[in-house]
Amino acid sequence: MGIRSKLIAFAVGIAVLAAVVFDGYVVNTLGAELGQHTEADLAVRTALVTESVARAGDLASEATALAASLSERAGARVTLIDPAGVVRGDSSVAPDRLGELEPHATRDEVADARHHGTGRSERVSTTTGMRMLYAAQRLERPDGLWIVRLAFEPVAIDRSLSAAHARVVQGTLLALALAVTAALVGARALSGRLVYLTGVAREMRGDLRRRARVDGRDEIAALGAALDDLAESLEHSRRELGGEGERFGAVLESMREGVLVTDERGDISLVNPALSQLLGIRGDAVGRPPIEVLRSASLHELIEEVALARAAATREIEIAPAAPGASGPPGRRTLVVNAAPLALPAQSRGAAGVVAVFFDVTELRRIEGLQRNFIANASHELRTPVASIRASSETLLGGALDDPEAARDFVEVIERNAARLHRLVNDLLDLSRIEGRERTLSQGPLDLAAQAEAAVALLRGRARVRRTEVEVDVAAGTLVAADPRALDQILTNLVDNAIQHTPEGSRVVVRARGGNGRVVVEVEDDGHGIPAAHQARVFERFYRVDPGRSRASGGTGLGLSITKHLVEAMRGDITVTTGAAGGALFRVTLPAATAAAPR
């Protein structure tokens, strides 16, 4: 559709819309005003008729004749209704047919008049079959409440509205003719300038130095100026495109996520340094298929799917580094790959190039696995004591309560397992508070010798039972920056762990040495030690080198994990190795402190 046709259509549409709005406004406004005027006039007539009816003597016998005579004077249908709601007179109904009319007490205007004195309504009459305006008024007489009702057919209103509508239609036709004429004149003047601008714009595609230079201050002149500005801006942008490539390369170089781009043939056209470092990709990858470089069927399928469907997709894949030298720990990587087509569907047909962004989630998946293992281990640790308590309780309820000796044994089982549950829950709560940083540590200078002696003193009774010698070899005045409760818990856990997991008659030594602003605390025993294969995992939750023996000794499997978290919370570290005597050697490194350090 050309500009002329659009202008004509626009003008016609505006004229029709204005006519419709005007017609609706005039008809509605005029109809409302005529309706209000008619209702007011009918109310006055009703009042006058009511006064005439009030002067009648025996209204019951005179109602028929009175209704007919008053109707001629009022110019409306008159209905007289007795207190029982029966029509006694109606100017539109023959006297011999009044008995066929149903009672009018339930009519809206009659009911309103009975209760409020007057009533109005508009509806189609069941007697005459025509739309009528009704007005009713209550008349109090000695024989009860009569209702005088007038009805008027609003034919005059309908005629007035029809006439107004016809005039609006005539005005609309005239306005349409004028609008089409004006649109033709304006379109002819406008289209010539637009044709000129169109030609200039086409020339600019090949020569950005071409300018429109349209004179004037109207919109066409503004469009010509905008075309000139656009051509100048494009010329400037073309000169800057060379620098854009360098900036794009800098962005790719600085991205931490890996980026791989393929062309329409599916060969690699770009690999950023982050992906090369992550997967050990060498610089000769450009021009080769991704499956040849990375050897991942899942990645190959994802790129093909995005290239053919021209729709973005996300997939999690596992992939091995392409060559040695990849960043991170050795082994397969877990990557989330977001791939999207480079070409839009409307640009070409067939396969499209693909850009894929790689996010390394290997560590995240490892942590999720640890969480799942923790839940499984916690459930397993809780299930055993709960099962023992439940079995003992059921046995007691089943009759063992009558046997004092057996009952005592089962109660002791319940008590032991309840204590175990109590220790386990407390350790879990401690671990949760430490990991969630809910437990506030106040680090200050502490005398390590005094702290070690206090911790060992609490465990000497248990050591005597196992005939284990515990020795503290810490120089007096050795100060560490630590929280008192946390340090006490660390020393207690390590010494108690050594006493519980060494044979009877063993020896446990607590010693310390300082230097370079750090203090190294060692807890060593001469027991069987911890095999090298287990040393890297002993600080994991619920990990046990000897599960049966650990549970038998009442351990929860969380002590060393709590110890590690407390040490790290105080900016220290903890390791375990095999000591000179073949036993376990735990080393805790904490910041050193001076006597003047703040508490």
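All values reported here derive from a predicted model rather than from experimental measurement.

### Topic: the overall build of the chain
The helix and strand inventory of the chain stands at 15 helices and 17 strands. Looking at the chain residue by residue over its 599 residues, the buried ones come to 37%. Pairs at least 24 apart in sequence give 59% of the contacts found in the chain among residues at least 6 apart. Counting only carbon and sulfur atoms, one obtains 55% of the accessible surface of the chain, whose full area is about 33600 Å².

### Section: the packing of aromatic side chains
Scanning the entire structure with this criterion turns up one aromatic pair. Sitting over the ring of Phe 539, Lys 564 keeps its end group 5.6 Å from the ring centre.

### Here's the deal with the sheet that holds strand β2 (residues 87–90)
If you walk across this open sheet you meet the five strands as β2-β1-β5-β4-β3, and the pairing is antiparallel. Looking at which strands have only one partner, the edges of the open sheet turn out to be β2 and β3 (118–124). Recorded for the sheet is a direction-independent mean angle of 20 degrees between the axes of neighbouring strands. In the packing of helix α2 (residues 59–74) onto the sheet, the strands contacted are β1 (77–81), β2, β4 (131–141) and β5 (144–152), and the crossing angle to β1 comes to about 160 degrees. Contacts from helix α3 (residues 108–116) reach β1, β3, β4 and β5, with the element oriented near 175 degrees to β3.

### Describing helix α12 (residues 484–500)
Taking 1.5 Å of rise per residue, the 17 residues of α12 would be expected to cover 24 Å, and the 24 Å separating its terminal C-alpha atoms lies within 8% of that figure. Within α12, 12 of the 17 residues are buried, which leaves the element mostly enclosed by the surrounding structure. Every buried residue of α12 is listed here: Ala 486, Leu 487, Gln 489, Ile 490, Leu 491, Thr 492, Leu 494, Val 495, Asp 496, Ala 498, Ile 499 and Gln 500. At the N-terminal boundary of α12, the capping side chain belongs to Asp 483, with an oxygen 3.2 Å from the backbone nitrogen of Arg 485.

### Thoughts on the pattern of salt bridges
Scanning the entire structure with this criterion turns up 25 salt bridges. Among the salt bridges present, the one from Arg 107 reaches Glu 102, with a minimum N-O distance of 3.1 Å. Among the residues examined, Arg 107 registers a relative accessible area of 12% and is labelled buried. Salt bridges linked by common partners bring Arg 511, Arg 513, Glu 522, Glu 524 and Arg 587 together as one network.

About the cut-offs
- Residues numbered from 1 in each chain as written.
- Predicted model: local features only at pLDDT ≥ 70, side-chain atom pairs only at ≥ 80, totals over all residues.
- Heavy atoms only, no water.
- Helix = DSSP H or I, 4+ residues; strand = E, 2+ residues; numbered from the N terminus.
- Buried < 20%, exposed > 50% of the residue type's maximum accessible area, 1.4 Å probe, protein only.
- Contact = heavy atoms within 4.5 Å.
- Areas by Shrake-Rupley, 256 points an atom, 1.4 Å probe, with all protein chains shown as cover.
- Phe/Tyr/Trp six-rings, centres within 6.5 Å; stacked < 30°, edge-to-face > 60°.
- Lys NZ or Arg CZ within 6 Å of the ring centre and 35° of its normal.
- Pairing = 2+ DSSP bridges.
- Axes fitted to C-alpha atoms, helices over the stretch in contact; angles between N-to-C directions.
- Expected span 1.5 Å × (residues − 1).
- Polar contact = N/O pair within 3.5 Å; in protein donor to acceptor, adjacent residues only side chain to side chain.
- Salt bridge = Lys/Arg side-chain N within 4 Å of Asp/Glu carboxyl O.

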